[in-house]
Amino acid sequence: MKLAQRQSGDITILDLQGKIRFADGDEELREAIDKTVASGHVKLILNMAEVSYVDSAGLSELVRSYVTVSKKSGRLVLLDLTHKVQDILTITKLLTVFEAYESEEAAVRSFAATAK
């Protein structure tokens, strides 16, 4: 998995590319989330437009990331899910846990809406 980080104001956007699976992506995601949260950035968007597959280890890491950010009074939302990933999250009922947005603009705006 490849990962790039960028900022939109005080929101950190992680652009993910590839597969999030055991020993191939899950560890990179964990390190990126932990480093971001440790630096005080707790408003995160995971851009999953180019994530082609997520296995059980990847799902575990997404949930762990969500919990890590929530414990720091932050928010983690998902952006631009592929059909395959959306199906996996729907089947596992994780879409009832995560907020998911189709556009980056809507995801960024959601942080302003919750700040009020």
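Worth saying up front: this structure is predicted, and the values here are computed from it rather than measured. Position labels on residues start from 1 in each chain and follow its written sequence. This being a predicted model, a pLDDT of at least 70 is required before a residue's local features are given, and a value of 80 or more before pairs of side-chain atoms are given or counted; all residues contribute to the totals for chains, interfaces and linings. Computation of side-chain values covers all heavy atoms of the structure but excludes hydrogens and water.

Quick word on the nonpolar core
Here's step 1: With 24 residues, the main nonpolar core has Leu-16, Ile-33, Leu-46 and Met-48 as its most contacted residues.
Here's step 2: Helix and strand definitions follow DSSP, with helices as H or I runs of at least four residues and strands as E runs of at least two, each counted in order from the N terminus. Secondary structure elements with two or more residues in this core: strand S2 (11-20), helix H1 (26-38), strand S3 (43-54), helix H2 (56-71), strand S4 (75-79) and helix H3 (83-91).
Here's step 3: For this analysis, residues touch if any pair of their heavy atoms sits within 4.5 Å. Beyond its immediate sequence surroundings of up to four residues, Leu-46 is in contact with Leu-14, Leu-16, Leu-29, Ile-33, Leu-62, Leu-76, Val-77, Leu-78 and Leu-79.
Here's step 4: Put simply, a nonpolar core is a bunch of buried Ala, Val, Leu, Ile, Met, Phe, Trp, Tyr and Cys residues held in one set by side-chain atoms that sit within 4.5 Å of each other. Residue burial is assigned from relative accessible area. The probe radius is 1.4 Å, only protein chains are included, and a residue is buried under 20% of its type maximum, exposed over 50%, and partly exposed in between. By size, the runner-up hydrophobic cluster in this structure holds seven residues, among which are Ile-11, Ile-13, Val-77 and Phe-111.

Considering H1
Here's step 1: Helix span, expected: 1.5 Å multiplied by one less than the number of residues in the helix. Between its first and last C-alpha, H1 extends 18 Å over 13 residues, near the 18 Å set by a 1.5 Å rise per residue.
Here's step 2: The set of residues buried in H1 consists of Asp-26, Leu-29, Ala-32, Ile-33, Thr-36 and Val-37. Looking down the long axis of H1, one finds its buried residues gathered within 130 degrees of arc, a one-sided arrangement. In H1, those exposed residues whose orientation departs by more than 90 degrees from the buried face are Glu-31, Lys-35 and Ala-38.
Here's step 3: Of the surrounding secondary structure, the elements contacted by the buried residues of H1 are strand S1 (2-8), S2, S3, H2 and S4.
Here's step 4: Following H1 by one or two positions, Gly-40 adopts a phi angle in the positive range, close to 95 degrees. The directions from the helix axis to the C-beta atoms are what the arc is built from.

Comments concerning the packing of aromatic side chains
Remark: the centre distance and the inter-plane angle together describe each pair of aromatic rings, the angle taken between the planes.
Here's step 1: The aromatic pairing rule takes the rings of Phe, Tyr and Trp, using the six-membered ring of Trp, and pairs them if the centres are within 6.5 Å, calling planes under 30 degrees apart stacked, those over 60 edge-to-face and the rest tilted. Counted under the stated rule, the structure contains one aromatic pair.
Here's step 2: Judged by centre distance (5.3 Å) and plane angle (75 degrees), the rings of Tyr-66 and Phe-98 are edge-to-face. In this pair, Tyr-66 is assigned in helix H2 and Phe-98 in the loop between H3 and strand S5 (99-101), connecting sequence segments 32 residues apart.
Here's step 3: We call a charge positioned over a ring when the NZ of a Lys or the CZ of an Arg lies within 6 Å of the ring centre and within 35 degrees of the ring normal. Sitting over the face of the ring of Phe-111, Arg-75 holds its NZ or CZ atom 4.4 Å from the ring centroid.

Some remarks on the sheet that holds S2
Here's step 1: Strand pairing is defined by DSSP finding a minimum of two bridges between the two strands. Spatial strand order, S1-S2-S3-S4-S5: five strands in an open sheet with mixed pairing. Two strands in the sheet have a free side with no partner beyond their single neighbour: S1 and S5. The sheet shows a mean angle of 25 degrees between the axes of neighbouring strands, taken without regard to direction. Throughout, an axis means a line fitted to C-alpha atoms (over the contacting stretch in the case of helices), and angles, computed between N-to-C directions, take values from 0 to 180 degrees.

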